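As a plain string of letters, each chain reads:
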Protein chains: 4
Amino acid sequence: MEELLKNIRQFNEERDWGQFHSPKNLAMSLAIETAEVMEHFQWLTQEQSSNLPTDKKKEISEELADVMIYLVNLADKLNIDLLKAAQMKIEKNRKKYPVTKAKGSYKKYSEL
Amino acid sequence: MEELLKNIRQFNEERDWGQFHSPKNLAMSLAIETAEVMEHFQWLTQEQSSNLPTDKKKEISEELADVMIYLVNLADKLNIDLLKAAQMKIEKNRKKYPVTKAKGSYKKYSEL
Amino acid sequence: MEELLKNIRQFNEERDWGQFHSPKNLAMSLAIETAEVMEHFQWLTQEQSSNLPTDKKKEISEELADVMIYLVNLADKLNIDLLKAAQMKIEKNRKKYPVTKAKGSYKKYSEL
Amino acid sequence: MEELLKNIRQFNEERDWGQFHSPKNLAMSLAIETAEVMEHFQWLTQEQSSNLPTDKKKEISEELADVMIYLVNLADKLNIDLLKAAQMKIEKNRKKYPVTKAKGSYKKYSEL
């Protein structure tokens, strides 16, 4: 993760792209990239989406990489430690969705 | 990252949520969460988006965490190594956007 | 449609909201609202999504309305006639996806 | 609008595409298309987004058309009258965001 962050910073500095990377713009980029991930699954059944051919999986792997790169970049711009934030969110979710209530249910917190 | 992946798997197993987590559904979740990130920046100027008050930054930190959790979960379902995929994509982008051509430009590959 | 456009303009003028409604910001709003539509379908099966309970349908109706309002607003800002643009796109799609080739297939143009 | 709806129905029937058009899938399509709209504005300043060159505007016009087509299609599948829903939402918003409170402010309802 440290290595990835370092590479992303270097890549952008070399190209002088920081000027375009306001948090607002990066949030847009992040949303655009996730739509490209979704595009691969748009017309598939649930089952098909779980049994992708190798070439499709390779394409999706690149799209997930794009999402990851923008996510790390955006978090970096906001001085947010992504791994720590995710760990804390899981802890919060443990309390919000206790096993006894949430098991096997896809309901939202407000509906549990 | 290993630790985060382990926690996400455990969290979902405890709640028996794997049944809802087809790659198709997780791709939707990913897109929904990035829209929630974007919502925070929707009406801000570029400058405001770079100077967020502390409470706003804390809220966004939780949204980025949600994106990260779904991203790791989806990659895991597809047996994709997220860090490796991101590193490989940066290498690919280095060739696609050489410094001499891309420096200071926001143009797409096809327009360079 | 004329009536709707007139009401949207009036609503925004009364609130002096035009200052926030750059095409860039409205494009973000549009994407955010469609994610809210999607949120209602996120964990549903295809069958469940075709058999929504009345209260759910009412909620979704309001989300679709939000998408429509932003779409009309954005098109208006860009001086685009939405109905005409849609009709022209269907004509274009008729040629791009001829019945003989596209019937019963979800493949993209490039894959047909 | 009636004409557009009729054309969309005919287009899809001719291609036997109704089988893919569950509300869940159409909601995904809608979100994907709005991301394609957004892509055009991603790196532009607010000012640039308000002063688009003609060729760019033409491209965006086609993307807005795609959004419109999916939106009408989805509303049709759910038996929702899109124009009526939008008019009702504006009425609701008039009460939610009274001029005296909302004028010149981009704050959310909950923050007013």
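Residues numbered from 1 in each chain as written. Chains lettered and ligands numbered in written order. Predicted model: local features only at pLDDT ≥ 70, side-chain atom pairs only at ≥ 80, totals over all residues. Heavy atoms only, no water.

Student: I'd love a proper account of helix α4 (residues 54–77) of chain D, names of residues and values included.
Tutor: Between the first and last C-alpha of α4 of chain D there are 35 Å, a value that for 24 residues agrees with the 34 Å anticipated at 1.5 Å per step. Phi for Asn 79 of chain D, located one or two positions after α4 of chain D, is positive at around 55 degrees. (Helix = DSSP H or I, 4+ residues; strand = E, 2+ residues; numbered from the N terminus. Expected span 1.5 Å × (residues − 1).)

Student: Could you give an account of the interface of chain A and chain B, naming the residues involved and the relevant values?
Tutor: The partner chain B presents 65 residues to the 65 residues of chain A that form the contact. Contact between chain A and chain B buries roughly 5,800 Å² in total, counting both sides, with carbon and sulfur atoms accounting for 67%. Here chain A is connected to chain B by eight salt bridges. Lys 92 of chain A is the salt-bridge partner of Glu 62 of chain B, the closest N and O atoms lying 2.8 Å from each other. (Contact = heavy atoms within 4.5 Å. Buried area = accessible area lost by both parts, 1.4 Å probe. Salt bridge = Lys/Arg side-chain N within 4 Å of Asp/Glu carboxyl O.)

Student: I'd like a description of unusual backbone geometry, backed by residues and values.
Tutor: Its identity is not glycine, yet Asn 79 of chain B carries a phi of approximately 55 degrees, on the positive side. Here Asn 79 of chain B lies in the loop between α4 (54–77) and α5 (82–96).

Student: Give me the lowdown on the packing of helix α5 (residues 82–96) of chain C against helix α1 (residues 2–15) of chain D, citing residues and values where you can.
Tutor: Interhelical geometry of α5 of chain C versus α1 of chain D gives an angle of 20 degrees and a closest axis separation of 10 Å. Looking at the two axes, α5 of chain C sits roughly parallel to α1 of chain D. Our pair here, α5 of chain C against α1 of chain D, has a crossing hand that is left-handed. For the pair α5 of chain C and α1 of chain D, the contacting residues are Leu 83, Ala 86, Gln 87, Ile 90, Asn 93 and Arg 94 of chain C in the first and Glu 3, Leu 4, Asn 7, Ile 8, Gln 10, Phe 11, Glu 14 and Arg 15 of chain D in the second. Counted by class, the contact of α5 of chain C with α1 of chain D contains six nonpolar, four polar and four charged residues. (Axes fitted to C-alpha atoms, helices over the stretch in contact; angles between N-to-C directions. Parallel < 35°, antiparallel > 145°, perpendicular 65-115°, else oblique. Left-handed = near helix turned anticlockwise from the far one by under 90°. Nonpolar A, V, L, I, M, F, W, Y, C, P; charged D, E, K, R; others polar.)

Student: Break down the packing of helix α4 (residues 54–77) of chain A against α4 of chain B for me, citing the residues and quoting the values.
Tutor: Where α4 of chain A meets α4 of chain B, the axes come as close as 11 Å, and the angle between the chain directions of the two elements is 155 degrees. Here α4 of chain B runs roughly antiparallel to α4 of chain A, going by the angle between their axes. Seen along the crossing, α4 of chain A lies across α4 of chain B with a hand that is left-handed. Residues Leu 64, Val 67, Met 68, Leu 71, Leu 74 and Ala 75 of chain A of α4 of chain A touch α4 of chain B, and the partners they reach there are Leu 64, Val 67, Met 68, Leu 71, Leu 74 and Ala 75 of chain B. The residue makeup of the contact of α4 of chain A with α4 of chain B, split by class, is twelve nonpolar, no polar and no charged.

Student: Outline the relation of the copies chain C and chain A, supporting the account with residue identities and numerical values.
Tutor: Turning chain C through 180 degrees and shifting it by 0.0 Å along the axis lays it on chain A, with an RMSD of 0.0 Å. When the rotation and shift are considered jointly, the pair of chain copies conforms to a two-fold rotation axis. The C-alpha atom lying nearest the rotation axis in chain C is that of Met 28 of chain C; the distance is 3.6 Å. (Least-squares fit on C-alpha atoms with pLDDT ≥ 70 in both.)

Student: Can you break down the pattern of salt bridges residue by residue, with the values?
Tutor: Enumeration according to the criterion identifies 34 salt bridges over all chains in this entry. With a closest N to O distance of 4.0 Å, Glu 59 of chain A and Lys 56 of chain A form a salt bridge. Taken together, the residues span about one helical turn, with Glu 59 of chain A and Lys 56 of chain A both in helix α4 at a distance of three residues. Several salt bridges share partner residues, and in doing so they unite Glu 14 and Arg 15 of chain A together with Glu 91 and Arg 94 of chain B into one network.

Student: Lay out the nonpolar core with the relevant residues and their values.
Tutor: Side chains that are nonpolar tend, in soluble globular proteins, to be buried together. Ranked by internal contacts, the top residues of the largest apolar core, which has 148 residues, are Leu 64 of chain A, Leu 64 of chain B, Leu 64 of chain C together with Leu 64 of chain D. Leu 64 of chain B has contacts with Leu 30, Leu 71, Leu 74, Ala 75, Leu 78, Ile 80 and Leu 82 of chain A together with Val 37 of chain B, leaving out every residue within four places of it along the chain. (Core = buried A, V, L, I, M, F, W, Y, C linked by side-chain atoms within 4.5 Å. Buried < 20%, exposed > 50% of the residue type's maximum accessible area, 1.4 Å probe, protein only.)

Student: Explain the interface of chain C and chain A to me, and be specific about the residues and the numbers.
Tutor: Contacts between the two partners involve 13 residues from chain C and, on the opposite side, 13 residues from chain A. Summed over both sides, the interface between chain C and chain A buries roughly 1,000 Å², with carbon and sulfur atoms accounting for 56% of that surface. A per-residue breakdown of the area chain C buries against chain A is headed by Lys 24, Met 28 and Tyr 106 of chain C, which together make up 43% of the total. Linking chain C with chain A are zero salt bridges, by the criterion used here.

Student: I'd love a proper account of the relation of the copies chain A and chain B, names of residues and values included.
Tutor: In summary, the two copies of the chain are related to each other by a rotation about an axis coupled with a shift along it. For the pair chain A and chain B, the superposition axis carries a translation of 0.0 Å, the fit reaches an RMSD of 0.0 Å, and the rotation angle comes to 180 degrees. A symmetric contact is evident, with 100% of the interface residues of chain A recurring at the interface of chain B.

Student: Tell me about the domain arrangement of chain A, and name the residues and values.
Tutor: Domain annotation of chain A identifies domain 1 (2–80) and domain 2 (81–112). For domain 1 of chain A and domain 2 of chain A, the distance between their C-alpha centres works out to 24 Å. (Domains from an automatic or database assignment.)

Student: Any chance you could break down the packing of aromatic side chains for me, citing the residues and the numbers?
Tutor: Within this structure, the stated rule accounts for twelve aromatic pairs over all chains. When the ring of Phe 11 of chain A is compared with that of Trp 17 of chain A, the centres are 5.7 Å apart and the planes differ by 80 degrees; the resulting orientation is edge-to-face. For the pair formed by Phe 11 of chain A and Trp 17 of chain A, the shared burial category is buried. Ring centres of Phe 20 of chain A and Tyr 106 of chain B lie 5.4 Å apart, and the angle between their planes is 80 degrees; this geometry places the pair in the edge-to-face category. Here Phe 20 of chain A, found in the loop between α1 (2–15) and α2 (23–41), pairs with Tyr 106 of chain B, found in the segment after α6 (99–102), and the two come from separate chains. Taking relative accessible area as the criterion, Phe 20 of chain A reaches 13% and is therefore assigned buried. One aromatic cluster is present, built from ring pairs that chain together Phe 11 and Trp 17 of chain A together with Tyr 97 of chain B. One residue, Arg 15 of chain A, lies across the ring of Phe 11 of chain A, its end atom 3.9 Å from the ring centre. (Phe/Tyr/Trp six-rings, centres within 6.5 Å; stacked < 30°, edge-to-face > 60°. Lys NZ or Arg CZ within 6 Å of the ring centre and 35° of its normal.)

Student: Could you give an account of the environment of Glu 63 of chain B, with specific residues and numbers?
Tutor: Residues and elements named next belong to chain B. Checked against the element boundaries, Glu 63 lands in helix α4. For Glu 63, a relative accessible area of 15% corresponds to the buried category. Counting along the chain gives 27 residues from Glu 63 to Glu 36, while the straight-line C-alpha distance between them is 6.7 Å. In this structure Glu 63 touches Glu 33, Glu 36, Val 37 and His 40, once residues within four positions along its chain are discounted.

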